[in-house]
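Residues per chain are reported as follows:
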Amino acid sequence: EPEVTQTPSHQVTQMGQEVILRCVPISNHLYFYWYRQILGQKVEFLVSFYNNEISEKSEIFDDQFSVERPDGSNFTLKIRSTKLEDSAMYFCASSRLDRGLYHDNEKLFFGSGTQLSVL
Amino acid sequence: SQKIEQNSEALNIQEGKTATLTCNYTNYSPAYLQWYRQDPGRGPVFLLLIRENEKEKRKERLKVTFDTTLKQSLFHITASQPADSATYLCALGPRFGSARQLTFGSGTQLTVLP
């Protein structure tokens, strides 16, 4: 079964450094997302991306964050200057867009996540 | 502000029994509601989606109900097995916008005892 893949699985960085988290969404999916989960807390929406532009973003997704689809397969999340509070598990997800009324297009397929630790 | 509550952080049940998990929400009018399963260190896995005009949905041993008057969803696992042990998340889908920004509850950790 096709799956969303994320690399690396773990990333350790120093505060103030830039990090790029990488994701390969499912190939025929058109919507892409980043969510994050701080240890012991809820899964939180960061951003959605469709047709090569940001569709929606949350308050968490400030100027330090950016997303990019540099080619036909990868989807990246960049944090320009990491803070201690950015430490979390970051999940990439994708969903399809089927025509018609009776498809569960809102169903998200999540990757296994990148555990980011900012020291 | 929007609030989603899932019943008791942890739920223990005996194998073969039916597990019932609750998701309540306030200050929200979702167009649909989803349930996901999350295992430790893994991403959420989609289980079921139910829309506001649907009362009940089933998939194998899973059943979900959605009561927009009570602002509540119930998630049932019948004939539970130890392999069903995981954290179960409910997530609300917005009525406006791109309809893909999910708001998650904090989850209920289910343990099925053999």
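Residues numbered from 1 in each chain as written. Chains lettered and ligands numbered in written order. Predicted model: local features only at pLDDT ≥ 70, side-chain atom pairs only at ≥ 80, totals over all residues. Heavy atoms only, no water.

Undergrad: Outline the layout of surface pockets, supporting the account with residue identities and numerical values.
TA: As a volume, the largest pocket reaches approximately 620 Å³. For the largest pocket, the lining is made up of 29 residues, of which Gln-37, Gly-40 and Gln-41 of chain A together with Gln-38 and Thr-87 of chain B are closest to its centre. Put simply, the parts of the chain that give the lining of the largest pocket at least two residues each are strand 9 (88–95) of chain A together with strand 9 (86–93) and strand 11 (108–113) of chain B. Per-element tally for the lining of the largest pocket: the top contributor is strand 11 of chain B, with four residues. Taken together, the residues of the lining of the largest pocket break down into 10 nonpolar, 15 polar and four charged. (1 Å grid on protein atoms, 1.4 Å probe; cavity = no way out; pocket = protein on both sides within 12 Å on 5 of 7 lines; lining within 4 Å. Points joined across faces, edges and corners; volume = space filled by probe spheres on them. Helix = DSSP H or I, 4+ residues; strand = E, 2+ residues; numbered from the N terminus. Nonpolar A, V, L, I, M, F, W, Y, C, P; charged D, E, K, R; others polar.)

Undergrad: Break down the pairing of strand 8 (residues 72–77) of chain B for me, citing the residues and quoting the values.
TA: Residues and elements named next belong to chain B. Sheet topology note: the strand 3 (residues 19–26)/strand 8 ladder contains six bridges and is antiparallel. Across the sheet, residue Thr-20 finds its bridge partner in strand 8, namely His-76. Strand direction decides the pairing type here: strand 7 (residues 62–67) and strand 8, joined by six bridges, are antiparallel. Residue pairing across strands places Thr-65 opposite Leu-74, the latter belonging to strand 8. Connecting strand 7 to the next strand, strand 8, in antiparallel fashion are four residues, including Lys-71 with a positive phi near 55°. (Pairing = 2+ DSSP bridges.)

Undergrad: Run through the sheet that holds strand 3 of chain B, naming residues and quoting values.
TA: Residues and elements named next belong to chain B. The strand order across the open sheet built from five strands is 1-3-8-7-6, with neighbouring strands paired in antiparallel fashion. Both outer strands of the open sheet, strand 1 (3–6) and strand 6 (56–59), are each paired with one neighbouring strand and no more. For this sheet, the mean angle separating the axes of adjacent strands, direction not counted, is 15°. (Axes fitted to C-alpha atoms, helices over the stretch in contact; angles between N-to-C directions.)

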